[in-house]
Amino acid sequence: MALTDDPQRMADRLRALAELEQRLSFRISRLSKLLDTHAARQLAVHGTGLTSYRILMVLGIFHETTAADLSRLMVIDRAQISRSVSDLLDQGLLEQRPDGANRRRKLLRLTAAGQAALGTFEPGLLERQKVFEELLGEEELRGLNSAVDKITRHLAETLETPDAAPASGRAAGGRSR
């Protein structure tokens, strides 16, 4: 017998779902997974993974930083960043050079091919951003951004990961890399 054939089972399931959806962390996690899956599908047509795209995007904005900084900014395990960076270096999308201030650190930046690849991926993902903004409208978007920043700031402080805190909550002249 299918779930929809039994009205009592269906009512029980709907009650359980309503209870589950009272848990904000569950809902945010589900949304995060949906966003990742959606972006990964868009990038798959280009043969690129989500972590690789995000590294290219961050470097497109920061211009140059270390793998350790990428790990902190993106809140992604260093080993995963290292594997993705290695792949991007092999593909000629990134280049690295020693940091003049600390020769043990390697600074990463996009190559011309990396900038071109990012230029290929970005339009679809920027269009996706525009769709989300239009779905919400200005007031809801402001409220959502404020709520996400508040939760992110709290967790970044609790977990002692200041690089994961929203820039809007940092003092000017704060940590820089």
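Here the structure is a predicted model, which means the values were calculated and not measured.

The rules we used
- Residues numbered from 1 in each chain as written.
- Predicted model: local features only at pLDDT ≥ 70, side-chain atom pairs only at ≥ 80, totals over all residues.
- Heavy atoms only, no water.
- Pairing = 2+ DSSP bridges.
- Helix = DSSP H or I, 4+ residues; strand = E, 2+ residues; numbered from the N terminus.
- Core = buried A, V, L, I, M, F, W, Y, C linked by side-chain atoms within 4.5 Å.
- Buried < 20%, exposed > 50% of the residue type's maximum accessible area, 1.4 Å probe, protein only.
- Contact = heavy atoms within 4.5 Å.
- Lys, Arg positive; Asp, Glu negative; His and termini not counted.
- Salt bridge = Lys/Arg side-chain N within 4 Å of Asp/Glu carboxyl O.
- Patch = residues over 30% accessible without salt bridge, like charges linked within 9 Å, V, L, I, M, F, W, Y side chains within 5 Å.
- Areas by Shrake-Rupley, 256 points an atom, 1.4 Å probe, with all protein chains shown as cover.
- Expected span 1.5 Å × (residues − 1).

J.: What exactly am I supposed to notice about the pairing of strand S1 (residues 94-99) here?
T.: In the case of a regular strand, side chains alternate between the two sheet surfaces. As judged from the six bridges shared by S1 and strand S2 (residues 102-110), these two strands associate in the antiparallel manner. Bridge pairing in S2 links Arg97 to Leu107. Hairpin connection of S1 to S2: two residues between the antiparallel strands.

J.: Would you mind going over the nonpolar core with me for this structure?
T.: Looking at soluble globular proteins, one finds that nonpolar side chains tend to be buried together. Counting residues in hydrophobic clusters, the biggest one holds 22 residues, and the most contacted among them are Ile55, Leu56, Leu70, Met74, Ile81, Val85 and Leu94. Taken together, the elements giving at least two residues each to this core come down to helix H2 (24-44), helix H3 (50-62), helix H4 (67-74), helix H5 (78-90), S2 and helix H6 (112-158). Top element by residues in this core is H3. It accounts for six residues. In contact with Ile55, other than residues within four places in its own chain, are Leu70, Met74, Ile81, Ser84, Val85, Leu88 and Leu94.

J.: What is the right way to read the side chain of Arg128 from this model?
T.: Within the secondary structure, Arg128 sits in helix H6. Although buried, Arg128 forms no salt bridge, and the nearest oppositely charged side chain, Asp36, lies 6.3 Å from it. Non-local contacts of Arg128, meaning those with residues more than four positions away in its chain, are made with Leu35, His38, Ala39 and Gln42.

J.: Please explain a nonpolar patch on the surface as it appears in this structure.
T.: Residues Met10, Leu14, Leu17, Leu20 and Phe26 make up a contiguous nonpolar surface patch of about 370 Å² in total accessible area. Sorting elements by how many residues they give to the nonpolar patch places helix H1 (residues 7-20) first, with four residues. Along the chain, the position of Met10 falls in helix H1. Of the residues examined, Met10 reaches a relative accessible area of 30% and is grouped as partly exposed.

J.: Sorry if this is basic, but what is going on with H5 here?
T.: Counting along an α-helix, one turn takes 3.6 residues, and residues three or four places apart therefore face a common direction. For H5, with 13 residues, the first-to-last C-alpha span of 18 Å sits near the 18 Å given by 1.5 Å per residue. Close packing links the buried residues of H5 with H3, H4, S1 and S2. Positive phi appears at Gly92, one or two residues downstream of H5, with a value of about 80 degrees.

J.: Help me out: how do you make sense of the side chain of Ser52 in this one?
T.: Mapped onto the elements, Ser52 comes out in helix H3. Classification of Ser52 by relative accessible area gives buried; the value is 13%. Those residues in contact with Ser52 that sit more than four places away from it in its chain are Ser84 and Leu88.

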